[in-house]
Amino acid sequence: MELFTLAIGLCLPWLLGVVWLRAPWLKASNIKWPTLLGYGYLGGILLTTLVMRLLDTLGIHLSFFSIGLALVLLIAAGTWFGRGEPWRIRWPGIDLHSLSGWRKIVYAIVLAAIVIRLVGLGLEIVWRPLFPWDAWSQWATKARVWYELGHLAAFVPADVWLGGELAGAYTDTAPHYPPAIPLIQVWMCYSLGRWDDTLMNLPWLLCAVALGLAFYGQARQWQVPPLFALMFTYFLLSLPFVNVHVALAGYTDLFMAAFYGLAAMAFFHWARKRDFWQGAVALLFALGCILIKQPGIAWALTFLPAILVVFMPRAGLMLISAMAIAGVATLFVLGETDFKLFGYHVYLRFSADWQPFLQNMLVMENWHLFWYLVVAALALSFPRLLIPSLRSMTVLLVTAISFLAVVFFFTHAQAWAEDYTTINRALLHIVPMLLFYVMVLFREAAVSLPTFMTTRQKLT
Amino acid sequence: MSIQLDTLPVSNKKVLRQEWLAAPMLLLASALILSIIFLQDKWTGKWMSSAKPLIWNGAELTLIKGRGYSDQDKLVIKKLTKQGIAVASLSPPTFQAEDYSAINLSVSGATPGVKMEFLWRTAENRVFVRPLIWANQTLQPLEMAVDKNWRGQIIDLAIVVKGTLTEPLLINGVSLGTVSLPVALSNMLKKWFTLDRWQGTSIHFLDGDAIDKNINPLLAIAAIVCLALALNLILAITKIMPLNVAMAWGIIFLGWFILDVRWQANLFQQLELTHQQFAGKTWEEKHLVAEDNALFDFVRNVKAKLPTATGRILYFSDDAYSRGKGAYHFYPQNVLARNHLPPASQIKTGDYIALFAKKGVKYDRSQQLLIWGDGQSLKADLLLFAKGNALFKVH
């Protein structure tokens with residue numbers, strides 16, 4: 001029985017996301033089904049946490065029944081709104097059957113490799129008790145309390161707790177962190193009917209599945225051939241560091257990467273063809289980043305320069321360049337100082353140490369050949385990075401990398417790069433977006449290569 | 001995804017149809033070229049060796065310092081000398097050091113406090129020593145070929161055990177691996193596929209501790225892929241083979257796939273361990289068989305002493321891990337985890353104080369007084385005391 005309700009708990013958010021992303025005003029008519037499923041799960045699970053927060057605000061006791069009922073009603077409403085929309089779900093194997101010869105075999109092998117990987121990671125989640133540090137020091141702490149109490153009890157800093165000023169308040173190592181991730185775990189435990197700090201992490205597996213589906217769907221939406229799209233999806237889902245964050249579930253970074261990646265991919269599509277669904281979803285998922293983790297605010301803000309460039313290509317680019325120069329100059333002028341930002345105490349101090357980055361990106365086994373691929377793509381496409389079709393994408397990428405550069409070269413976070421504790425987790429946030437960008441660069445290069453060769457032949 | 005730059009003659013089209021074979025062939029050629037260059041530069045041993053591996057079981061070792069006995073092909077070391085040392089020696093037939101590249105030692109029952117060294121004596125009566133390295137509770141093979149003192153005739157071998165022996169140490173066997181290219185290559189492959197299990201740091205980075213650092217798999221594959229792509233380009237420029245994007249992607253994909261096979265093998269090995277340790281257990285049973293089970297057990301016992309609706313629990317430990325993880329186990333109780341006890345004025349009547357692996361706190365039973373720090377004290381009842389850890393209720 002508990003497995004049945006657990007399955008319901010996993011499926012309801014998925015269904016919720018899918019039906020609402022098909023709402024007629026979002027104009028989802030051209031969206032491929034893997035895209036819808038990928039965005040559907042992540043959108044749905046975040047919406048579930050918002051529903052839980054709303055129920056709590058209304059004073060309704062959280063339980064499987066209260067949350068489940070709200071989700072069912074929302075699903076019914078979404079289905080009713082989208083009743084006129086046709087379900088354009090094509091047979092899932094159609095991409096495989098469109099291929100010929102050895103490509104079909106390679107497609108099947110790559111797909112099997114992805115499935116084997118995900119099954120293995122799923123089993124690791126199911127068997128292993130909560131393992132990684134932050135998972136039990138700042139996320140599952142809240143989940144356990146809220147699950148047992150049935151409401152979102154306040155978490156306060158240790159000194160406030162010790163002073164006893166706020167009755168019934170709890171504390172942990174990060175009381176100010178957003179509640180979305182613990183609420184996902186709470187919903188899983190309600191679905192299961194008991195506290196279980198292993199099975200409550202199954203959404204991390206579904207997050208990886210959704211990320212893969214969305215990536216593949218958006219790649220196909222970009223007219224990337226099926227085998228090439230699947231190969232890049234495999235690249236994404238086979239990255240050791242991505243796998244670690246699924247297997248040792250409980251950190252927010254995988255969700256952060258997924259939300260930022262999905263927002264960026266939708267933004268790329270919107271910037272390319274002004275597709276309304278993609279634009280709306282890019283906005284929703286960028287805002288979703290804020291609900292996942294504190295740095296999500298910064299990640300959401302990275303879209304602003306890219307949006308500016310979409311609407312004012314030349315002026316926007318010049319303005320952003322000027323602001324970037326002014327920003328860097330300000331950092332140097334400020335020198336060593338400190339201030340509070342997004343709940344973090346930031347100490348400014350410039351020191352550029354590349355060694356931890358080179359070691360983690362190019363030598364250690366965190367990322368397979370990913371960063372080599374990034375370097376190759378950027379080097380090969382360098383003259384074309386600011387052509388109109390790539391401009392806003394490149395600006396988003398540069399803004400995201402600049403954010404990381406400021407954090408790791410200009411603040412005290414540099415120490416976390418030197419001890420390797422944050423470097424890969426911060427990079428993980430941009431990896432899905434970056435891989436999609438790299439795929440597009442190679443794809444655009446491949447498309448333009450024959451045209452270039454024909455022109456050259458005519459000229460010579 | 002194949003892109004033709006020129007119209008192909010029929011023979012080249014045939015080549016293109018076989019592009020699925022061309023990518024692995026180019027990759028293989030690249031791997032061979034780089035291997036030869038690498039070996040030419042780095043390989044100091046013999047390409048082939050006629051020497052046979054030397055293998056001894058533990059019972060063939062003689063314990064010359066410390067206490068122990070031989071038992072069923074094993075040497076059991078029960079106790080160290082007063083100086084905290086045990087020495088087991090071996091007098092092999094004289095052999096040439098250059099014929100053997102690695103020492104393998106099979107040992108069981110070692111606890112974290114145990115350190116081991118390998119000694120050898122040359123025909124010139126010079127003695128050399130090298131520490132043995134533990135990784136994942138097994139001794140790493142000792143690479144001797146790189147040691148400048150591993151030269152000439154060897155007449156004696158010995159193993160030194162130091163530190164604290166909390167349980168008997170079993171030496172199962174010692175072996176010397178021969179120097180030859182096939183053996184070295186197979187050892188390298190074995191190391192590439194050695195389990196690199198989950199650690200506390202895995203969520204931050206994968207250091208590949210267990211993997212051979214001499215030939216880093218990622219750097220090796222990256223170099224092989226780059227050379228294969230360059231060969232592809234050269235063959236296209238010289239019109240031996242058409243430039244084909246699919247072939248280039250085939251090379252990149254295969255390089256990635258090879259790395260991923262190693263990673264997948266690691267995940268499978270890890271999954272097997274996870275299955276053995278945790279599968280089929282409830283979430284509480286899983287914590288009870290985990291490495292930090294003592295902590296979970298302590299918190300469980302403390303929680304059993306607490307009423308359902310308690311006030312505040314102040315939990316202290318000197319160890320950061322025990323502090324954080326212990327606090328997690330306390331929830332949903334209202335707990336605060338800290339390193340140091342606060343001033344007594346901040347602790348209220350009815351508060352509970354739990355101590356785990358905490359030094360510098362005393363309890364006077366007769367006075368029912370908990371004393372810590374710079375003269376801080378308060379009245380408290382002792383509710384639980386086990387293995388130096390305790391629970392108190394403040395009066």
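Every value quoted in this text rests on a predicted model; they were computed, and no experiment measured them.

1. A short note on the overall build of chain A
Line of reasoning, step 1. Helix and strand counts for chain A stand at 21 helices and two strands.
Line of reasoning, step 2. What you see for chain A is a C-alpha radius of gyration of 23 Å, in line with the 23 Å of a compact globule of 460 residues.
Line of reasoning, step 3. Projected onto its principal axes, the C-alpha positions of chain A cover 80 × 60 × 40 Å.
Line of reasoning, step 4. Looking at chain A as a whole, 58% of its 460 residues are labelled buried.
Line of reasoning, step 5. Sequence separation of 24 or more characterises 77% of the internal contacts of chain A that already satisfy a separation of 6 or more.
Line of reasoning, step 6. When the accessible surface of chain A is split by element, carbon and sulfur atoms take 72% of a total near 18,100 Å².
Line of reasoning, step 7. Taking the average place of the 28 positive charges on the side chains of chain A and the average place of its 21 negative ones, the gap between the two points comes to 20 Å.

2. So, the sheet that holds strand S16 (residues 334-338) of chain B
Residues and elements named next belong to chain B.
Line of reasoning, step 1. Reading across the sheet, the seven strands line up as S16-S15-S17-S21-S20-S19-S18 and stay open at both edges, with mixed pairing between neighbours. Two strands in the sheet have a free side with no partner beyond their single neighbour: S16 and strand S18 (361-364). Sheet twist, expressed as the mean angle between neighbouring strand axes with direction ignored, is 35°.
Line of reasoning, step 2. Taken together, the four bridges between strand S19 (residues 369-372) and strand S20 (residues 376-386) define a ladder with antiparallel strand orientation. Bridge pairing links Trp 372 to Gln 376 in S20.
Line of reasoning, step 3. Helix H7 (residues 293-305) contacts strand S15 (312-316), strand S17 (352-355), S20 and strand S21 (389-394) of the sheet and is inclined by roughly 105° relative to S20.
Line of reasoning, step 4. Together, S15, S16 and S17 form the strand contacts of helix H8 (residues 320-330), whose direction differs from that of S15 by roughly 155°.

3. Notes on the interface of chain B and chain A
Line of reasoning, step 1. Each partner contributes to the interface: chain B provides 67 residues, whereas chain A provides 80 residues.
Line of reasoning, step 2. Remark: the boundary between chain B and chain A carries two salt bridges.
Line of reasoning, step 3. Two residues, Glu 365 of chain A and Arg 262 of chain B, come together in a salt bridge whose shortest N-O distance is 2.3 Å.
Line of reasoning, step 4. The tally of links from chain B across to chain A stands at 28 residue pairs in polar contact (both at pLDDT 80 or more).
Line of reasoning, step 5. It is helix H5 (residues 245-278) of chain B that provides the largest number of residues to the side of chain B that touches chain A, a total of 19 residues.
Line of reasoning, step 6. Per-class residue counts for the side of chain B that touches chain A are 38 nonpolar, 17 polar and twelve charged.

4. As for helix H18 (residues 370-381) of chain A
Residue and element names in this part refer to chain A.
Line of reasoning, step 1. In a regular helix each residue adds 1.5 Å, so twelve residues correspond to 16 Å; H18 covers 16 Å between its end C-alpha atoms and thus fits that length.
Line of reasoning, step 2. Among the residues making up H18, those that are buried are Phe 370, Trp 371, Leu 373, Val 374, Ala 377 and Ser 381. Across the axial projection of H18, the buried residues extend over an arc of 155°, all falling on one side. Exposed and facing more than 90 degrees away from the buried side of H18 are Val 375, Ala 379 and Leu 380.

5. What to know about the pattern of salt bridges
Note on pairing: side chains with opposite charge can pair once their charged atoms come close.
Line of reasoning, step 1. Enumeration according to the criterion identifies 17 salt bridges over all chains in this entry.
Line of reasoning, step 2. The partner of Asp 156 of chain B in a salt bridge is Arg 121 of chain B, and the shortest N-O contact between them spans 3.2 Å. With Asp 156 of chain B in strand S13 (residues 153-163) and Arg 121 of chain B in strand S8 (residues 114-122), this residue pair connects regions lying 35 residues apart in the sequence.
Line of reasoning, step 3. Taking relative accessible area as the criterion, Arg 121 of chain B reaches 28% and is therefore assigned partly exposed.
Line of reasoning, step 4. Through salt bridges that share partners, Glu 2, Arg 194 and Asp 196 of chain A make up one connected network.

6. Details of the pairing of strand S7 (residues 100-108) of chain B
Residues and elements named next belong to chain B.
Line of reasoning, step 1. Alignment of S7 against strand S14 (residues 169-178), held across eight bridges, turns out to be antiparallel. Bridge pairing links Ser 106 to Gly 173 in S14.
Line of reasoning, step 2. When S7 meets strand S12 (residues 142-143), the two strands line up antiparallel, connected through two bridges. Directly across from Ala 102, in S12, lies its bridge partner Glu 143.

7. Examining helix H15 (residues 303-311) of chain A
All names here are of chain A.
Line of reasoning, step 1. Listed as buried for H15 are Phe 303, Pro 305, Ala 306, Val 309 and Val 310. Down the axis of H15, the sector holding all buried residues measures 165°, keeping them to one side. Residues of H15 that are exposed and angled more than 90 degrees away from the buried face: Leu 304 and Phe 311.
Line of reasoning, step 2. Each element contacted by the buried residues of H15 is listed here: helix H12 (253-273), helix H13 (276-292), helix H14 (296-301), helix H16 (313-334) and helix H19 (388-410).

8. Looking at the nonpolar core
Line of reasoning, step 1. The biggest cluster of nonpolar side chains holds 210 residues, and the ones touching the most others in it are Phe 232 and Phe 235 of chain A.
Line of reasoning, step 2. Residues Leu 61, Val 107, Met 116 and Val 161 of chain B belong to the second largest nonpolar core, which totals 35 residues.

What counts, and where the lines are drawn
Residues numbered from 1 in each chain as written. Chains lettered and ligands numbered in written order. Predicted model: local features only at pLDDT ≥ 70, side-chain atom pairs only at ≥ 80, totals over all residues. Heavy atoms only, no water. Helix = DSSP H or I, 4+ residues; strand = E, 2+ residues; numbered from the N terminus. Rg over C-alpha atoms; globule rule 2.2 N^0.38 Å. Buried < 20%, exposed > 50% of the residue type's maximum accessible area, 1.4 Å probe, protein only. Contact = heavy atoms within 4.5 Å. Areas by Shrake-Rupley, 256 points an atom, 1.4 Å probe, with all protein chains shown as cover. Lys, Arg positive; Asp, Glu negative; His and termini not counted. Charge placed at Lys NZ, Arg CZ, Asp CG, Glu CD. Pairing = 2+ DSSP bridges. Axes fitted to C-alpha atoms, helices over the stretch in contact; angles between N-to-C directions. Salt bridge = Lys/Arg side-chain N within 4 Å of Asp/Glu carboxyl O. Polar contact = N/O pair within 3.5 Å; in protein donor to acceptor, adjacent residues only side chain to side chain. Nonpolar A, V, L, I, M, F, W, Y, C, P; charged D, E, K, R; others polar. Expected span 1.5 Å × (residues − 1). Arc of directions from axis to C-beta. Core = buried A, V, L, I, M, F, W, Y, C linked by side-chain atoms within 4.5 Å.

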